[in-house]
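Examination of the molecular architecture
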Amino acid sequence: MRTPGLARLGRGPLAFLDVLDHAVHYDQTNTVNALAGTTLRCPSLPDYLPVLVRHVLDVAAKTTPDVGDDTVDPLD
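Sequence order as written defines the numbering, with residues in each chain counted from 1. Residues qualify for local features only when their pLDDT is at least 70, as the model is predicted, and side-chain atom pairs are given and counted only at 80 or more; totals for whole chains, interfaces and linings, by contrast, use all residues. By convention in this description, side-chain values take in all heavy atoms of the structure and omit both hydrogens and water.

Our next topic: the overall build of the chain. Helix and strand assignments follow DSSP, with helices taken as H or I runs no shorter than four residues and strands as E runs no shorter than two, numbered in order from the N terminus. A count of helices and strands for the chain gives 4 helices and 0 strands. Starting at the N terminus and walking to the C terminus, you meet the elements of the chain as α-α-α-α. Accessibility throughout is a Shrake-Rupley quantity obtained with a 1.4 Å probe, and a residue counts as covered only by protein chains that appear here. For the chain, the accessible area works out to roughly 7,100 Å², and carbon and sulfur atoms hold 60% of it.

Turning to a nonpolar patch on the surface, a few remarks are in order. On the surface, Leu45, Tyr48, Leu49, Val51, Leu52, Val53 and Leu57 cluster together into a nonpolar patch covering about 590 Å² of accessible area. Looking at the secondary structure, you find Leu52 in helix H4 (residues 45-63). Think of it in three bands: with a 1.4 Å probe and only protein chains considered, a residue is buried below 20% of the maximum accessible area for its type, exposed above 50%, and partly exposed in between. You can call Leu52 partly exposed: its relative accessible area is 41%. The patches reported here contain residues having more than 30% relative accessible area and no salt bridge. Joining distances are 9 Å for like charges and 5 Å for nonpolar side chains (Val, Leu, Ile, Met, Phe, Trp, Tyr). Just to be clear on terms, a salt bridge is a Lys or Arg side-chain nitrogen sitting within 4 Å of an Asp or Glu carboxyl oxygen.

For the structure shown, the criterion picks out 1 salt bridge. A salt bridge links Asp58 to Arg54, with the shortest nitrogen-to-oxygen separation between them at 3.0 Å. With Asp58 and Arg54 both in helix H4 and 4 residues apart, this pair spans about one turn of that helix.

Scored by pLDDT, the chain comes out at a mean of 75, with 53% of its residues at no less than 70. The quantity called pLDDT is the predictor's confidence in a given residue, expressed from 0 to 100. Ranking the helices and strands of the chain by mean pLDDT puts helix H3 (residues 29-35) first, with 93, and helix H1 (residues 6-10) last, with 58.

Another point: the environment of Asp27. Residue placement: Asp27 occurs in the loop between helix H2 (15-19) and H3. Owing to a relative accessible area of 54%, Asp27 belongs among the exposed residues under this scheme. Polar contacts, as counted here, are pairs of nitrogen or oxygen atoms within 3.5 Å of one another; within protein the pair requires one atom able to donate a hydrogen and one able to accept it, and residues that are adjacent in sequence qualify only if both atoms are side-chain atoms. Among the polar contacts made by the side chain of Asp27, one reaches the side chain of Thr29 at a distance of 2.4 Å.

Here it is as structure tokens:
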């Protein structure tokens, strides 16, 4: 948590902390095969990434309690 900027991430949804150090490779091969013969296609990342980010921000806003000065932050 001493990396510049990382402390700010720690204040967001805790789900992000679990995946920060995991190498991930997403493969849409099975999805493309399942959609074969239809008019449906997987969108490119730039097309749907803003929607995913907005969803995470909306969920975080709903689940983040108001923090008063007397609240103990376990990340500090």
